[in-house]
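The residues making up each chain are set out below.
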Amino acid sequence: MTDTNDGPRRTPDRPLVVLENVNKHFGDLHVLKDINLTVHEGEVVVVIGPSGSGKSTLCRTINRLETFESGRITIAGKELPQEGKDLARLRADVGMVFQSFNLFAHKTILENVTLGPTKVRGLKTAAAKDRAMELLKRVGVEHQAAKYPAQLSGGQQQRVAIARSLAMEPTVMLFDEPTSALDPEMINEVLDVMTQLAHSGMTMIVVTHEMGFARKAADRVVFMADGAIVEENTPEEFFTHPRSARAKDFLGKILTH
């Protein structure tokens, strides 16, 4: 996965993740309102908005960590299965990186990264280890392979979590506020890995509060408020010429500090 360009790139003719009229409620709360979103192969879409706008719920419906009542979601043209082996297969193709790192505390870093490929993909142990070490080197923690998660900093653990997702060779990666649990000095080391990944051609949907990352790595910024997509545009256009009053208000509050 190499890319000779420095900036993001878009492949507009290959829709990979498609959400059509997706609705979800938590009780009386309408958290996703008629969501329509198409993410193309190789595209990096960054979802931003105020807290409670539905960003994380949107991210989690894409691999059915959250159910939804109506609408349709397809990945590579296939509708989301509801349960069983088909759903497990889908989740293997959709990498997910959470706020919390969700590493297995009783397994070494290397074991955390090799577990999925050997158990789910059926990869031989030696091949899985070779691949895991390549990925740990890529995210800058190969020298920590024999350690346990508790021996690593939060930033290192999150980079391991990214390597673990990549080890499954996913078609798309979902990031749900991956830096929000980190100390400030650790945020950039994770964002740097994500930026490299974005420029390598990986399809990514990223929920984040990091506006610098959105400006630098996104092909498209999707702004959500009150459970709806209010507007979407290129980072340059969105940050310099937001169209909606809601987006102008949001940017006015966060970019002046």
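Residues numbered from 1 in each chain as written. Predicted model: local features only at pLDDT ≥ 70, side-chain atom pairs only at ≥ 80, totals over all residues. Heavy atoms only, no water.

**Q** Explanation requested: the packing of aromatic side chains in the structure shown.
**A** Given two aromatic rings, one states the distance between the centres and the angle between the planes to describe the pair. Within the structure shown, the criterion is met by three aromatic pairs. Relative to Phe 238, the ring of Phe 223 lies with its centre 5.9 Å away and its plane at 35°, an arrangement referred to as tilted. Highlighted residues: Phe 223 in strand β9 (residues 220–225) and Phe 238 in helix α8 (residues 235–240), separated in sequence by 15 residues. Pair check on accessibility: Phe 223 and Phe 238 agree, each one buried. (Phe/Tyr/Trp six-rings, centres within 6.5 Å; stacked < 30°, edge-to-face > 60°. Helix = DSSP H or I, 4+ residues; strand = E, 2+ residues; numbered from the N terminus. Buried < 20%, exposed > 50% of the residue type's maximum accessible area, 1.4 Å probe, protein only.)

**Q** Would you take a moment to explain the pattern of salt bridges for this structure?
**A** A side chain with one charge may pair with a side chain of the opposite charge, provided their charged atoms come close. This model, assessed by the stated rule, comprises 13 salt bridges. Across the pair Arg 131 and Glu 134 runs a salt bridge whose closest N-O atoms are separated by 3.9 Å. With Arg 131 and Glu 134 both in helix α4 (residues 125–138) and three residues apart, the pair spans about one turn of that helix. Connected through salt bridges with shared partners, the residues Glu 20, Arg 72 and Glu 79 form a single ionic network. (Salt bridge = Lys/Arg side-chain N within 4 Å of Asp/Glu carboxyl O.)

**Q** Honestly, the side chain of Glu 231 in this entry has me stumped. Any pointers?
**A** Tracing the backbone through its elements, the reader meets Glu 231 in strand β10 (residues 228–233). For the buried Glu 231, no salt bridge exists, and the shortest N-O distance to an oppositely charged side chain is 4.3 Å, to Arg 243. Separated by 3.1 Å, the side chain of Glu 231 and the backbone nitrogen of Arg 243 make a polar contact. One polar contact links Glu 231 to Ser 244, side chain to side chain, over a distance of 2.7 Å. Not counting residues within four places of it along the chain, the set of residues in contact with Glu 231 comprises Val 221, Val 222, Phe 223, Phe 238, Pro 242, Arg 243, Ser 244 and Ala 247. (Lys, Arg positive; Asp, Glu negative; His and termini not counted. Polar contact = N/O pair within 3.5 Å; in protein donor to acceptor, adjacent residues only side chain to side chain. Contact = heavy atoms within 4.5 Å.)

Remember, this is a structural readout, not a statement about activity or role.
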